[in-house]
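Letter by letter, the chains look like this.
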Amino acid sequence: MHKLFAWNLAKTASRGAQAANPYGTSSIQGRRPSQEDRFYATDLLPGKRGCSFYAVYDGHGGDRAASYATEAMHKHFIKSSGYKANDLVKAMREAFHATELEFLNIAGREGLRDGTTAVCAVIQQGATEDTLTVAHVGDSRGVLCRAGYAVALTEDHKPDHPSEKARIEALGGFVSFIGCWRAMGILAMSRAIGDLFLKPYVSAEPDIKAMALEAKDEFFVIASDGVFDVFDNDQVVQIVRSAPSPEQGAQLLTSSAFAAGSLDNVTAVVVALRGY
């Protein structure tokens, strides 16, 4: 065991201390004029499958899309046909689609241009093993700590990624470099919920990864890009590992990102896995 990593999960003083998987959260406005990040965490969704749900949303153009996703995504997840059938990949896809459709209807009525990234993670407890399902759009990110090393759970949806650029151009759109690569010369990501005026080029179709958790999996982090603007995945894992609890790990990560010069809102959710 790494000498700095010694979480006592039975006594962890985090927001989710009573959960099977203790967790911690932290969100700071940072150097931005407003706070457009949101997060959601629950250690027990309704149903018989022992599911916990965690999410980070990073709004742009306003906070309406992020706020709406925070309220709606997990509700659509548990209402979905996939959840009822115990198909969590399908449930994630259905939840993203339903959240997107509803928000676009609101945006159309109210003339909103808001959009948001989304990274959502579900742990399902099983009789013999637990599983982790992660879905995302945009550049908020998930990373797993496995035996002290970082394992990427997501890949940022950037407009200059060859497959994303090809998808946008096939729809008649374009990608241009204005300070960074931007979809339609505007958005620095190629997938997001909302962004009504950039449809269909900016997609809300999530990438989804499902995996069995292993005994050497220690924790995972989901966070907004304000963290990853200044730290890579390996650095994120080592910062969190140096903290005495998931809650303190989340707080240390966001405060460290701010101290390292992040110019964005900074939000992190840390979920402990070791000892499940």
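Above: the structure in question.
Residues numbered from 1 in each chain as written. Predicted model: local features only at pLDDT ≥ 70, side-chain atom pairs only at ≥ 80, totals over all residues. Heavy atoms only, no water.

### Details of the overall build of the protein chain
- Counting its regular elements, the protein chain contains seven helices and 14 strands.
- Across its three principal axes, the protein chain shows a C-alpha extent of roughly 50 × 45 × 30 Å.
- The 276 residues of the protein chain split such that 54% are buried.
- For the protein chain, long-range pairs separated by at least 24 residues make up 67% of all intrachain contacts whose partners lie at least 6 apart in sequence.
- Carbon and sulfur atoms provide 54% of the accessible area of the protein chain, an area that totals close to 11500 Å². (Helix = DSSP H or I, 4+ residues; strand = E, 2+ residues; numbered from the N terminus. Buried < 20%, exposed > 50% of the residue type's maximum accessible area, 1.4 Å probe, protein only. Contact = heavy atoms within 4.5 Å. Areas by Shrake-Rupley, 256 points an atom, 1.4 Å probe, with all protein chains shown as cover.)

### Side note on the sheet that holds strand S8 (residues 149-152)
- Spatial strand order, S1-S14-S13-S7-S8: five strands in an open sheet with antiparallel pairing. Strands with a single pairing partner mark the edges of an open sheet, and in this sheet they are strand S1 (23-28) and S8. Strand-to-strand twist of the sheet, defined as the mean angle between neighbouring strand axes without regard to direction, takes the value 20 degrees.
- In this sheet, strand S14 (residues 266-272) lies alongside strand S13 (residues 217-223) in antiparallel orientation, the contact comprising five bridges. (Pairing = 2+ DSSP bridges. Axes fitted to C-alpha atoms, helices over the stretch in contact; angles between N-to-C directions.)

### So, the packing of helix H6 (residues 233-241) against helix H7 (residues 246-259)
- Contact pair H6 / H7: the axes reach a minimum separation of 8 Å and the direction vectors enclose 130 degrees. With respect to H7, the element H6 is oriented oblique. In this structure, H6 crosses over H7, and the sense of that crossing is right-handed. Contacts between H6 and H7 involve Val 236, Ile 239 and Val 240 from the first element and Gly 249, Leu 252, Leu 253 and Ser 256 from the second.
- Grouping the constituent residues of the contact of H6 with H7 by class yields five nonpolar, two polar and no charged. (Parallel < 35°, antiparallel > 145°, perpendicular 65-115°, else oblique. Left-handed = near helix turned anticlockwise from the far one by under 90°. Nonpolar A, V, L, I, M, F, W, Y, C, P; charged D, E, K, R; others polar.)

### Topic: the environment of Ser 224
- With respect to the secondary-structure elements, Ser 224 resides in the loop between S13 and helix H5 (225-228).
- Judged by relative accessible area, which is 0%, Ser 224 ranks as buried.
- Taking the C-alpha atoms as reference, Ser 224 lies 8.8 Å from Ala 118; in sequence the two are 106 residues apart.
- Discounting chain neighbours no more than four positions away, the residues touching Ser 224 are Asp 37, Val 56, Asp 58, Ser 140, Asn 265, Val 266 and Thr 267.

### Here's the deal with the pattern of salt bridges
- Under the definition given, this model contains 15 salt bridges.
- One salt bridge in this structure joins Lys 199 and Glu 100, with 2.9 Å as the shortest N-O distance. Of the two residues, Lys 199 sits in the loop between strand S11 (193-194) and strand S12 (207-212) while Glu 100 sits in helix H3 (residues 88-110), which places them 99 residues apart along the sequence.
- Classification of Glu 100 as buried rests on a relative accessible area of 11%.
- When the shortest N-O distance is used, the salt bridge between Arg 191 and Glu 164 registers 2.9 Å. (Salt bridge = Lys/Arg side-chain N within 4 Å of Asp/Glu carboxyl O.)

### A short note on the environment of Ala 183
- By the element assignment, Ala 183 lies in strand S10 (residues 181-183).
- In this structure the C-alpha to C-alpha distance between Ala 183 and Ser 80, which are 103 residues apart in sequence, comes to 31 Å.
- Beyond its immediate chain neighbours, meaning those up to four positions away, Ala 183 contacts Pro 159, Ile 168, Phe 174, Met 189 and Val 202.

### Some points on the layout of surface pockets
- When its volume is computed, the largest pocket comes out at roughly 470 Å³.
- Along the wall of the largest pocket there are 23 residues; nearest its centre are His 60, Ile 186, Leu 187, Ala 188 and Met 189.
- No other element matches the three residues that strand S3 (residues 51-60) contributes to the lining of the largest pocket.
- Across the lining of the largest pocket, the residue classes tally to eight nonpolar, four polar and 11 charged. (1 Å grid on protein atoms, 1.4 Å probe; cavity = no way out; pocket = protein on both sides within 12 Å on 5 of 7 lines; lining within 4 Å. Points joined across faces, edges and corners; volume = space filled by probe spheres on them.)

### Quick look at the packing of aromatic side chains
- On inspection of all chains with the given rule, the structure shows seven aromatic pairs.
- Note on Tyr 23 and Tyr 54: the rings are 5.5 Å apart at their centroids and 65 degrees apart in plane angle, and the pair reads as edge-to-face. Taken together, the positions of Tyr 23 in strand S1 and Tyr 54 in strand S3 put the pair 31 residues apart, joining distant regions of the chain. For the pair shown, Tyr 23 and Tyr 54 are each scored as buried.
- Where Phe 177 meets Trp 181, the ring centres are 5.3 Å apart and the plane angle is 75 degrees; that geometry is what we call edge-to-face.
- An aromatic cluster is built from Tyr 40, Phe 53, Phe 77 and Tyr 83, whose rings are joined through pairwise contacts.
- When the ring centre of Phe 258 is taken as origin, the NZ or CZ atom of Arg 31, which lies over that ring, is 3.9 Å away.
- Of note, Arg 113 hangs over the ring of Phe 197, and the distance from its end group to the ring centre comes to 4.1 Å. (Phe/Tyr/Trp six-rings, centres within 6.5 Å; stacked < 30°, edge-to-face > 60°. Lys NZ or Arg CZ within 6 Å of the ring centre and 35° of its normal.)

Read these as layout, nothing more, since geometry by itself doesn't imply function.
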